Amino acid sequence: MTSHKRPGGTSMSISVGFLGLGHMGGPMASNLVNAGHNVVGFDPVPAALEQAGKAGVSVVESAEAAVGGSDVVITMLPSGQHVLSLYEQILPAAKPGTLFIDCSTIDVADARTAHQQAVEAGHRAVDAPVSGGVVGATAGTLAFMVGGSEQDFTAAEPILDVMGKKVVHCGSPGNGQAAKICNNMILGVSMIAVSEAFVLGEKLGLSNQALFDVASNASGQCWALVANCPVPGPVPTSPANRDYEPGFAASLMDKDLGLAANALRANGVEADLGLRAAELYSSFNAAGGGGQDFSAIIKDVRERSSRKTEADQ
Ligand code: NAD
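Residues numbered from 1 in each chain as written. Predicted model: local features only at pLDDT ≥ 70, side-chain atom pairs only at ≥ 80, totals over all residues. Heavy atoms only, no water.

### A word on the nonpolar core
No. 1: Ranked by internal contacts, the top residues of the largest apolar core, which has 35 residues, are Phe 18, Met 28, Ile 101, Phe 144 and Leu 160.
No. 2: Secondary-structure elements contributing two or more residues to this core are strand S1 (15–19), helix H1 (25–34), helix H2 (46–54), strand S4 (72–75), strand S5 (99–102), strand S8 (142–147) and helix H7 (150–163).
No. 3: Residue contributions to this core peak at six residues, all from H7.
No. 4: Each residue touching Met 28, except ones within four places of it in the same chain, is listed here: Phe 18, Met 76, Cys 103, Ala 137, Leu 142, Phe 144 and Met 163.
No. 5: Residues Leu 187, Phe 198, Phe 212 and Phe 284 belong to the second largest nonpolar core, which totals 31 residues. (Core = buried A, V, L, I, M, F, W, Y, C linked by side-chain atoms within 4.5 Å. Buried < 20%, exposed > 50% of the residue type's maximum accessible area, 1.4 Å probe, protein only. Helix = DSSP H or I, 4+ residues; strand = E, 2+ residues; numbered from the N terminus. Contact = heavy atoms within 4.5 Å.)

Okay, here's the thing in structure tokens:
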């Protein structure tokens, strides 16, 4: 794994408990070790624990053992349910005033509950979900979106700086998660819009390259088009050129749009496109597409279009 120490990162060695050493947590913990921090880690999956041990993390047999002597506890877990039940287990085992940083992508409401639980137990807490994927986690170039008080953000920033290139304070507890799901809702909707435009262009006899050359220089320009183009050719580095190997997996987009849909409903927001995007990624995932890059949704647009054409004939 890449050794990484950001010049802006803290120069003091900090004791960090790291829980969840999977695809993202493993390389993030490794970067903290490489920056000189004392990282004690736990994950119930033996292979994840072994890999972290090889990267210099002091591995322990339980979550409680990872937090007891730590000043900062980082969690990188699959869901809000995992975070809330783990917090219940570990909050009593931590030293008073420990700073809890949850980097998982979870429901805004769960993030606010987790924050409240930590504070009631005498600790400090921020939510700090990330973008940048496994590549960013390995290179130490993640973007962190942080929700929490000014004081807790200031305490978390130097440690996040080690693992990322951009750390943004988004406001009060839960607002990091809010920023993450709003951004990913834009991304999911725009990827579907770009895919629909390419499929329409194909039906109209327009080459993918011609559409790309126009839209990438016109008002249709967006990240889904210019960086993660869903057709092979125009952007050689996009996943479409390697049979849609992720990248950002469609299963993760499905998860994030599900969280966005929960928040849209809970807050009474009229968002036809966000909710429809959640439905489309959910059925793409259920049909077995989840392991592909999220730009593979273009195949779903093509398939539904050809079914419609057949039905119309
Ligand atoms: P992962 O499944 O690879 O890792 C999660 C790890 O948490 C697993 O190793 C699991 O064993 C561990 N875990 C579960 N319960 C635990 C417990 N009680 N104590 C300690 N460890 C426990 O998932 P990932 O891809 O690393 O993603 C983690 C989070 O980051 C998710 O919320 C995901 O949505 C988010 N995220 C992932 C990506 C990505 O590209 N993979 C990008 C951005 C955000």
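### Focus on the pairing of S1
No. 1: Burial runs high along S1: five of the five residues are buried.
No. 2: Here S1 shows a buried face lined by Ser 15, Gly 17 and Leu 19 and a second buried face lined by Val 16 and Phe 18.
No. 3: With respect to chirality, the unit in which S1 leads through H1 into the neighbouring parallel strand S2 (residues 38–42) is right-handed.
No. 4: Of the pairings in the sheet, the one linking S1 to S4 comprises four bridges and is parallel in character. Bridge pairing in S4 links Leu 19 to Thr 75. (Right-handed = clockwise from strand over helix to strand, strands pointing away. Pairing = 2+ DSSP bridges.)

### Points about the layout of surface pockets
No. 1: A volume near 270 Å³ is recorded for the second largest pocket.
No. 2: Looking at the second largest pocket, it is lined by 15 residues, and the ones nearest its centre are Val 108, Ile 181, Ala 263, Leu 264 and Asn 267.
No. 3: Counting residues per element, the ones that place at least two in the lining of the second largest pocket are helix H5 (108–120), helix H8 (175–203) and helix H11 (250–266). (1 Å grid on protein atoms, 1.4 Å probe; cavity = no way out; pocket = protein on both sides within 12 Å on 5 of 7 lines; lining within 4 Å. Points joined across faces, edges and corners; volume = space filled by probe spheres on them.)

### Quick look at the packing of aromatic side chains
How two aromatic rings sit relative to each other is set out by the distance from centre to centre and by the angle between their planes.
No. 1: If you walk through the whole model with that rule in mind, you get two aromatic pairs.
No. 2: Taking the centre distance of 5.4 Å and the plane angle of 65° together, the rings of Tyr 87 and Phe 100 count as edge-to-face. On the criterion of sequence distance, the pair formed by Tyr 87 in helix H4 (residues 80–90) and Phe 100 in strand S5 is long-range, its members being 13 residues apart.
No. 3: With a relative accessible area of 0%, Phe 100 lands in the buried category.
No. 4: Each ring, one from Phe 248 and one from Phe 294, has its centre 5.6 Å from the other, and the planes form 70°; the classification is edge-to-face. Remark: Phe 294 occurs in the loop between helix H12 (272–289) and helix H13 (297–312) and Phe 248 occurs in the loop between helix H10 (223–226) and H11; sequence separation between them is 46 residues.
No. 5: The exposure class of Phe 248 is partly exposed, given its relative accessible area of 21%. (Phe/Tyr/Trp six-rings, centres within 6.5 Å; stacked < 30°, edge-to-face > 60°.)

### Here's the deal with the site of the ligand
No. 1: With respect to spatial proximity, 21 residues lie near the ligand, and among them His 23, Met 24, Asp 43, Leu 77 and Lys 255 are the closest.
No. 2: At 2.7 Å, a side-chain N or O of His 23 approaches an oxygen atom of the ligand.
No. 3: Leu 77 has a polar backbone atom sitting 2.8 Å from an oxygen atom of the ligand.
No. 4: Contributions of two or more residues to the shell around the ligand are made by H4, helix H6 (133–139) and H11.
No. 5: Its residues placed into classes, the shell around the ligand shows eleven nonpolar, seven polar and three charged. (Near = heavy atom within 4 Å. Polar contact = N/O pair within 3.5 Å; in protein donor to acceptor, adjacent residues only side chain to side chain. Nonpolar A, V, L, I, M, F, W, Y, C, P; charged D, E, K, R; others polar.)

### Comments concerning unusual backbone geometry
No. 1: Between Pro 246 and the following residue, Gly 247, the backbone shows a cis peptide bond with an omega angle of 15°.
No. 2: If you trace the backbone, Gly 247 turns up in the loop between H10 and H11.
No. 3: Positive phi is not limited to glycine here, since Asp 243 has a value of about 55°.
No. 4: If you trace the backbone, Asp 243 turns up in the loop between H10 and H11.
No. 5: Of the residues examined, Asp 243 reaches a relative accessible area of 63% and is grouped as exposed.
No. 6: Although it is not a glycine, Tyr 244 adopts a positive phi angle of roughly 65°.
No. 7: Checked against the element boundaries, Tyr 244 lands in the loop between H10 and H11.
No. 8: The buried category is assigned to Tyr 244, whose relative accessible area is 7%.

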